[in-house]
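A look at the structure
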Amino acid sequence: LKMSGFWFRLPLQLFMATCFCHPMKVSTTSSQQSFKTNLFNFYHSLILADGKETTIHLLKDIPKRYYFVLEEGRALAPFTVTVTPCDVPIEWSILVHKASASYLGKATRGDHDTQETAKSQKAASMVSTIFNYKGNSIETYMGLSSHSSLYMLEFLSTERDTHITVYLTTDTTSENLYPELPMDPRIDVIGIGHTTVTLTWKHSPSVSQHRENIQYCLLVNEKHNYKSLCAAETAIRSSGMKLPPALALSLSPYLLEPQQVMILSKSELSIINKVSSGEVRQICMGTKNTYTVPSLSPNTQYYFDVFVVNLLTNASAAYTGTFARTLEEPEPKVTELKDGKVIQVVLDGKKNKYYNLQYQSRYKKIQFIFQLCHGQVRVHITKNGKTVASENISGLRYFSLKGKLLDTYLVQLRSTEESNSSVKVQVSPHFHKPLFPLLPESLKIKSFSKLRSCNSVTIAWLGTQEESKYCVYKKRIEEDQVWMDLQNLDRCSGPETRHKSEKVLCKYFYDINLQRAVTTETINGLDAGTLYLFDVYLFGPSGIPVRYHSKVVKTRKKC
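A brief structural summary. Here the residue numbering is sequential within each chain, running from 1 through the sequence in written order. Predicted model: local features are reported for residues with pLDDT of at least 70 only, side-chain atom pairs are reported and counted for 80 or more only, and whole-chain, interface and lining totals are derived from all residues. To obtain the side-chain values, all non-hydrogen atoms of the structure were used and water was disregarded.

1. Examining a nonpolar patch on the surface
Two distance rules govern patches: like charges are joined within 9 Å, and nonpolar side chains (Val, Leu, Ile, Met, Phe, Trp, Tyr) within 5 Å, applied only to residues with over 30% relative accessible area and no salt bridge. Note on areas: Shrake-Rupley, 1.4 Å probe, and residue coverage restricted to the protein chains presented here. Salt bridges are defined as contacts in which a side-chain nitrogen from Lys or Arg sits within 4 Å of a carboxyl oxygen from Asp or Glu. On the surface, Val189, Ile192 and Leu327 cluster together to form a nonpolar patch covering roughly 210 Å² of accessible area. One can find leucine 327 in the loop between strand S18 (322-325) and strand S19 (334-336). Taking relative accessible area as the criterion, leucine 327 reaches 40% and is therefore assigned partly exposed. By definition, any uninterrupted DSSP run of H or I lasting at least four residues is a helix, any uninterrupted run of E lasting at least two residues is a strand, and each is numbered from the N terminus. Per-residue accessibility, obtained with a 1.4 Å probe over protein chains only, is compared with the maximum for each type, and a residue is labelled buried under 20%, exposed over 50%, and partly exposed between these values.

In structure tokens, the structure reads:
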């Protein structure tokens, strides 16, 4: 850092004379006084505020200077200067200008002998650099100042336009604006999973002193570590996102942008910023110093930064960032499907993982058949890597697909409930003999209230144009068991799982006219005021049954 000696020294002497001398004692002309007044106003606009964080905008390759002095009478007072780069590395320096009391006295008396003044200036004025730094880390300088010294801070960005924050304080007895970091400010990775990383860090001393005003906030991204919260905000803004003046880490309420998602749960605030380079997550967890980051992608490197934040001032201090790569997800187990073979799959709802079935076609037309046995199931089918079907299934579902010989199909099944689900799956050529019988438009069983009596009920169900066998079963149940019995029902199970005493009858029927393909049956020998569960099973040519939706009917109590 270099300064023009004449340019810096002459205005500085005038500034010192103007600042430290009583204006009534300075003998000058009107024009000289006006010049000094304008000069004082110029420097006054660049004086750094004491005890306040100042945001400074820097233009590329253009240095910016700020000044500060102590109040008169405060000799050898300590002071600190903290500079936080908010983007690219910067250069900054602290220079001190010292003027002797004899020169200040001459300036005060208004002695203007040219040669004597020049000698006095050279002897009494000394400009020296006491500190300089280049980088993008937060840096603090601590020193001693006196009322006869003027300090200049010069800042320079050589990469691009940027901004920084500067905090000057001469009151070292009061609380610091920034929270304290522990002696060891590192973040430790204590656990790594496929989709989680567990972190821990040592407590900030500020937490024990001001727990209600301090909290930890974690920043997670896939790009790099950030050395300050200010740098993180700048990076998110530069990606095209608008952020509020204070990042959400302060928990201040504001309207989120469309690219932001806020999640509040268990006293934790999570904000996900969708940026071009991936996600940037901000998670505030109070004063907990151990945290497991959830919902990460397998085999992905993430960068983690922890900031201790003062909620009253929104000032923060950064721990030393770390990084970790999540574990690679193991290759999913794949079960081969064979033509015409039926398999039943049980899906674990708690793990929420896909069960994979693979089939290589030997025909151009094929048909997948799914029979939901229990719970709720999501089916996703791809052909040579491209999705051809994806939906939640209920009851019996057919997918007829066209392709080429040796096309590879991948069927993925997942339970959409927390409890277990199960489903039967079959794949066969399109012309293959169907596994399941021809189904009616509806598998509902209807009961007739007017035909109910104390010991009988009448039910009806739809048939088809194909002659088929239908078997009716009944089961006596208690009122508090209705919901449980219906929930635990296995819709794939056949009459072989029923007790012989539950069988009512079996019959064959069909009708060419679908409008008349309806049959009724009156079940006698029932107890008054009693709940019964009725089931109808439809058998096709293959002998595999399809169960109609169970119907609960209560007989009349009095007749």
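2. So, the state of the cysteines
Any two cysteine sulfur atoms within 2.5 Å of one another count as a disulfide. Taken as a whole, this structure holds five disulfides when the rule is applied. Put simply, cysteine 217 and cysteine 284 are joined by a disulfide, and their sulfur atoms are 2.2 Å apart. Linking cysteine 217 and cysteine 284, the disulfide has an S-S dihedral of approximately 105° and is accordingly described as right-handed. Highlighted residues: cysteine 217 in strand S11 (residues 214-221) and cysteine 284 in strand S14 (residues 278-284), separated in sequence by 67 residues. For cysteine 217, a relative accessible area of 1% corresponds to the buried category. When its relative accessible area of 2% is taken as the criterion, cysteine 284 is described as buried.

3. Comments concerning the environment of glutamine 282
Position of glutamine 282 relative to the elements: it lies in strand S14. We classify glutamine 282 as buried; its relative accessible area is 2%.

4. Observations regarding unusual backbone geometry
Although it is not a glycine, serine 295 sits at a positive phi angle of roughly 55°. Inspection of the secondary structure assignment puts serine 295 in the loop between strand S15 (290-293) and strand S16 (301-310). Of note, the phi angle at asparagine 299 is positive, near 50°, even though the residue is not glycine.

5. Re the environment of glutamate 53
Along the chain, glutamate 53 falls in strand S1 (residues 52-58). Of the residues examined, glutamate 53 reaches a relative accessible area of 34% and is grouped as partly exposed. A sequence separation of 124 residues divides glutamate 53 from leucine 177, and the C-alpha atoms of the two residues are 8.5 Å apart. Sequence-distant contacts of glutamate 53, defined by excluding residues within four places in its chain, comprise Thr165, Val166, Tyr167, Leu177 and Tyr178. Contact between two residues is taken to exist if any of their heavy atoms lie within 4.5 Å; hydrogens are not considered.

6. With respect to the nonpolar core
Counting 23 residues, the largest nonpolar core has Phe368, Phe370, Ile381 and Leu413 as the members making the most contacts within it. Broken down by secondary-structure element, the contributors of at least two residues to this core are strand S20 (342-347), strand S21 (355-360), strand S22 (365-374), strand S23 (377-383), strand S24 (386-393), strand S25 (396-402), strand S26 (408-415) and strand S27 (421-429). No other element matches S22, which puts four residues into this core. Buried Ala, Val, Leu, Ile, Met, Phe, Trp, Tyr and Cys residues that are joined via side-chain atoms within 4.5 Å together make up what is termed a nonpolar core.

7. Topic: the packing of aromatic side chains
Note on ring pairs: Phe, Tyr and Trp rings are taken, using the six-membered ring of Trp, and paired if centres are within 6.5 Å. Classes follow the plane angle, with under 30 degrees stacked, over 60 edge-to-face and the rest tilted. Applying the stated rule across the entire model yields 21 aromatic pairs. Look at phenylalanine 131 and tyrosine 141: their rings are 5.3 Å apart centre to centre, the planes differ by 45°, and that puts the pair in the tilted class. A residue pair is termed long-range when its members are at least 10 positions apart, and phenylalanine 131 in strand S5 (residues 126-135) and tyrosine 141 in strand S6 (residues 139-145) qualify at ten residues. A relative accessible area of 16% places tyrosine 141 in the buried class. Relative to tyrosine 409, the ring of phenylalanine 368 has its centre 5.7 Å away and its plane inclined at 65°; by these criteria the two rings are edge-to-face. Here the residue phenylalanine 368 occupies a position in strand S22, and tyrosine 409 occupies one in strand S26, the gap between them amounting to 41 residues. When its relative accessible area of 0% is taken as the criterion, phenylalanine 368 is described as buried.

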